[in-house]
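What follows is each chain in one-letter form.
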Amino acid sequence: MRCKFCERPAFIKLHYPRMYLCPEHFTEYFERKVKRTIERYKLIKPGERILVVVSGGKDSAVTAHVLKKLGYDIECLHINLGIGEYSEKSEEYAKRQCEKLGVPLHIVRVRELLGRGIGEVRTRRPTCSYCGLTKRYIFNKFAYDNGFDAVATGHNLDDEASFIFANLMNWNTQYLAKQGPITPAQFNGKLVKKIKPLYELTEREVVAYALANDIEYHIEECPHAVGAPTIEYKGILNEMEEKRPGTKINFVKGYLRKKKLFEAELQETELRECRICGMPSSGEVCSFCRFWGLEEPVEFKISGEGQKLQE
Ligand code: Q46
Ligand code: ZN
Ligand code: ZN
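The name recorded for the protein in an unreviewed UniProt entry is Rhodanese domain-containing protein, from Thermococcus radiotolerans.

As structure tokens, then:
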């Protein structure tokens, strides 16, 4: 098969819209789609500084790559979770990706910062639950301490569709009221704006983009991800997509149109400043400071001009 736009052999067959594309034209298609997502949902305003959270995996690497190529002002942050060899390899990939891209990379290591890595804390709380809490706190506080206007993550269409699907199956209406491609800044900017530039691109397209553009990434899954129900929900949606191309994007767009229905269920808790770190909290001490037993806030201010790598 030939590319729809040139004579070169096709590299990918897209199902929705249906077409064959060569690597160059697929790259163009992909980047145009990211640009349109940024414009449609007003993710980035001119002149904003964006912090891209890079895990070493494909989604965040592609996010950083495309934002840089589209001319946005980006820096990257890698959070080393301290999960044995998995985290060491992830950090290596993140370093290589940013070096190749020529963007500054900052590294925060959970074990150095908090004394223990993820999975090493004796608690009844599930590992992924306090891992998520820790990651969200660190990238938000890092962005806030260093004056970034937004945090970009690599969530793709499959992540969004499976998240909505899973939460519908469990009627977690609270979560369904808050999902989307953009979460605006809140609490005087202490909760930094969060954006998802790959919101309308499928996982398959992200993998193809990485392949077409020689982006190396860590393929291994986190050992704690094994058996996560998200994988099953993704599988079901993939089967549906196979039979009815466009299922995922129509599901997610339909959700965005109907999101208001869930907003009525939202029980807004009033936020105040955490006694330890001053960041927004629903109680006297925020869940991050409480979980890690902190007496002093963690600070991420980057010292020195033009620092490229914070070790
Ligand atoms: S939450 Fe859980 Fe992930 Fe953290 S412990 Fe691993 S699987 S990394 S997206
Ligand atoms: Zn072509
Ligand atoms: Zn706190």
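What follows picks up the thread again.
Chemist: Can you break down the overall build of the protein residue by residue, with the values?
Modeler: Per the secondary structure count, the protein includes 12 helices and 11 strands. By the compact-globule yardstick of 19 Å for 311 residues, the protein fits well, its C-alpha radius of gyration being 20 Å. Judged by the C-alpha coordinates and their principal axes, the protein covers about 65 × 45 × 40 Å. Taken across its 311 residues, the protein has 51% of its residues classed as buried. Across the protein, contacts joining residues at least 24 apart in sequence account for 69% of those joining residues at least 6 apart.

Chemist: Report on the pattern of salt bridges, specifying residues and quantitative values.
Modeler: For the coordinates displayed, the defined rule picks out 23 salt bridges. For R8, the salt bridge identified is with E24, shortest N-O distance 3.8 Å. Pair noted here: R8 is in the segment before β1 (12-15) and E24 is in helix α1 (residues 23-40), with a separation of 16 residues, a long-range link. With relative accessibility at 38%, the residue R8 sits in the partly exposed group. In this structure E24 comes out as partly exposed when scored by relative accessible area, which is 43%. The partner of K69 in a salt bridge is E31, with the nearest N and O atoms 2.8 Å apart. You can see K69 sitting in helix α2 (residues 58-69) and its partner E31 sitting in helix α1, a full 38 residues away along the chain.

Chemist: Please set out the UniProt feature "binding site: Zn(2+) 1" (unreviewed entry) in the protein residue by residue, giving values where relevant.
Modeler: The residues that UniProt annotates with the feature "binding site: Zn(2+) 1" (unreviewed entry) are C3, C6, C22 and H25. These annotated residues cover 23 residues of sequence, and their C-alpha atoms all fall within 8.4 Å of one another, placing them together at a single site. Beyond its immediate chain neighbours, meaning those up to four positions away, C3 contacts R8, P9, A10, Y20, L21, C22 and H25. In this structure, C22 sits in the loop between β2 (18-21) and α1.

Chemist: An account of the coordination of the zinc ion (ligand 3) is needed here, citing residue identities and associated values.
Modeler: Taken together, C274 (SG), C277 (SG), C286 (SG) and C289 (SG) make up the protein donors of the zinc ion (ligand 3), found 2.3 to 2.4 Å from the metal. Coordination at the zinc ion (ligand 3) comes from 4 donor atoms whose angles at the metal span 103 to 115 degrees, giving a geometry best classed as tetrahedral. Between the donor residues of the zinc ion (ligand 3), the gaps in sequence give the motif C-x2-C-x8-C-x2-C. With a gap of 15 residues between them, C274 in the loop between β9 (272-273) and β10 (280-281) and C289 in helix α12 (residues 287-291) connect regions that are remote in the sequence.

Basis of the calculations
- Residues numbered from 1 in each chain as written.
- Chains lettered and ligands numbered in written order.
- Predicted model: local features only at pLDDT ≥ 70, side-chain atom pairs only at ≥ 80, totals over all residues.
- Heavy atoms only, no water.
- Helix = DSSP H or I, 4+ residues; strand = E, 2+ residues; numbered from the N terminus.
- Rg over C-alpha atoms; globule rule 2.2 N^0.38 Å.
- Buried < 20%, exposed > 50% of the residue type's maximum accessible area, 1.4 Å probe, protein only.
- Contact = heavy atoms within 4.5 Å.
- Salt bridge = Lys/Arg side-chain N within 4 Å of Asp/Glu carboxyl O.
- UniProt positions renumbered as here; feature names shortened; annotations may be inferred.
- Donors = N, O, S within 2.8 Å, 3.2 Å for Na, K, Ca; no water.
- Tetrahedral: all angles 85-135°; square planar, octahedral: opposite > 155°, others 65-115°.

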